[in-house]
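Single-letter residue listing:
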Amino acid sequence: CKAGWCQNVMILPEFRNMGLGYFLLKHAMHDLKKDEMDILMVAGTNKNSYPLLKSLGFSDLGFINRNIKPSPFGLAAGLLSVDADRLSSPDVKGRVRVIGADDFGPDFDSFWLSVSQNFSCIVKRDAKNLRWRFKGNPYWDYKILCAKAGDVIRGYAVLKEGYLKGRLKGIRVGTISDILFDPKDKSTGITLLAGVCAYLRKRVGVIRCDILCEEMQHFVESAGFLNIKSNNRFLVYPLSEEVKTHKGIVLEGRRCWCLTSGDSDLDLF
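Treat the numbers as computed from the prediction; the structure is a model and nothing was measured. Note that residues are indexed from 1 along each chain, following the sequence as it is written. For this predicted model, a pLDDT threshold of at least 70 governs which residues receive local features, and a threshold of 80 or more governs which side-chain atom pairs are given and counted, while totals over whole chains, interfaces and linings are taken from all residues. Computation of side-chain values covers all heavy atoms of the structure but excludes hydrogens and water.

Q: Sorry if this is basic, but what is going on with the overall build of the chain here?
A: Labels follow the DSSP assignment, with helices taken as runs of H or I lasting at least four residues and strands as runs of E lasting at least two, numbered in each case from the N terminus. Within the chain one finds nine helices and 13 strands. Across the 269 residues that make up the chain, the buried fraction comes to 46%. Throughout, a residue-residue contact means that at least one pair of heavy atoms, one from each residue, lies within 4.5 Å. Once local pairs closer than 6 in sequence are excluded, the contacts in the chain between residues at least 24 apart make up 76%. Each accessible area is a Shrake-Rupley result for a 1.4 Å probe, and residues are judged covered by the shown protein chains and nothing else. Surface exposure of the chain reaches about 14600 Å², of which carbon and sulfur atoms provide 53%. To sort residues, take the accessible area from a 1.4 Å probe on protein chains only and compare it with the maximum for the residue type: under 20% means buried, over 50% means exposed, and anything in between is partly exposed.

This is how it looks when you write it as structure tokens:
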């Protein structure tokens, strides 16, 4: 299924409330259909864009969950470093351990082919796409953590660090930009999130994880994250007849989706 994100729509103040946004998006959606795009997705709206998207026929699948975990040790200790390669226990056969990785190698392709079968709607995460999204970014230095059993990847997380804005301005935040594992693999889910928190807890004051996946959300909450108010609505629009015939799954089945903040670039803000 060929899908795309609608990242932004901007109208100059003096030309607002004239219907330009509606016709601009309508024209863009027409062009996407000619390009044989199947579905258009939006993550994050405001008081102006939400009614506009609804009038165009977008389906509202609710909010992408925002989860935070305070790290008092990180707030008190300042910016201390933790070597991700020392997070795990000794490499005992069959035991899942968390280690750092420098790049997305061919083993990520094997992992993707295996784990993707467990999700109905998920953005492609093979090595090529992950490398394009997270490696060589001019603004953010992403950190890769892998959960492995022996030499086999069982899950991974991509992290970045920055600073909060607003009332909590100046507090360092660690964002889980992407995380993936088989939700049926309880050992990997628990171990991976524990490894992520262990790596970040001495480096940041708050750990953040935005995710839309009910099965994985359970692991996030079990790891001590608190679900707080989110402003990031997730909306979808079917551009092809094939997607329209699966409306019950794609457009109304929130439980079918697996999204992280890295999918739609929400982690860049």
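Following the structure, the description resumes.
Q: Explanation requested: helix α7 (residues 214-222) in the structure shown.
A: Helical geometry note: an α-helix holds 3.6 residues per turn, so side chains three or four residues apart project in the same direction. What α7 keeps buried is the set Met 216, Gln 217, Phe 219 and Val 220. Each buried residue of α7 sits inside an arc of 160 degrees when the element is viewed along its axis, so together they form one side. Exposed residues pointing more than 90 degrees away from the buried face of α7 are listed as His 218 and Ser 222. In this structure, the buried residues of α7 make contact with β4 (65-70), β9 (172-181), α6 (186-200), β10 (206-212), β11 (226-228) and β13 (257-260). Immediately downstream of α7, the backbone of Gly 224 shows phi near 100 degrees, a positive value. By arc we mean the arc of the directions from the helix axis to the C-beta atoms, nothing more.

Q: Looking at this structure, how should I read the nonpolar core?
A: What tends to happen in soluble globular proteins is that the nonpolar side chains get buried as a cluster. In these notes, a set of buried Ala, Val, Leu, Ile, Met, Phe, Trp, Tyr and Cys residues joined through side-chain atoms within 4.5 Å is what counts as a nonpolar core. In terms of nonpolar packing, the biggest core is built from 42 residues, with Phe 104, Phe 108, Leu 159, Ile 176, Ile 179, Val 196 and Met 216 touching the most fellow members. Sorting elements by how many residues they give to this core places α6 first, with six residues. The contact partners of Leu 159, leaving out residues within four places of it in the chain, are Asp 141, Tyr 142, Lys 143, Leu 145, Thr 175, Ile 176, Val 196, Tyr 199 and Leu 200. Core analysis: the next-biggest nonpolar cluster, separate from the first, contains 14 residues, Leu 25, Leu 52, Tyr 237 and Leu 239 among them.

Q: Any chance you could explain helix α4 (residues 106-115) here in plain terms?
A: Along α4, the positions that sit buried rather than exposed are Phe 108, Phe 111, Trp 112 and Val 115. Buried residues along α4 cover an arc of 100 degrees about the axis, so they all sit on one side. Of the exposed residues in α4, the ones pointing more than 90 degrees away from its buried face are Pro 106, Ser 110, Leu 113 and Ser 114. Packed against the buried residues of α4 are β6 (121-122), α5 (127-134), β7 (143-149), β8 (152-163) and β9.

Q: Could you clarify how one ought to interpret the pairing of β13 in this entry?
A: Residues in a regular strand point their side chains to alternate faces of the sheet. By the alternation rule, side chains of β13 split into Trp 257 and Leu 259 and Cys 258 and Thr 260, which are all buried. Note on pairing: two strands pair once DSSP finds at least 2 bridges between them. Where β6 meets β13, two bridges bridge the pair, whose relative direction is parallel. Across the sheet, the residue bridging to Cys 121 is Trp 257, located in β13. Pairing analysis gives two bridges linking β10 to β13, with the strands arranged antiparallel. Residue pairing across strands places Leu 212 opposite Leu 259, the latter belonging to β13.

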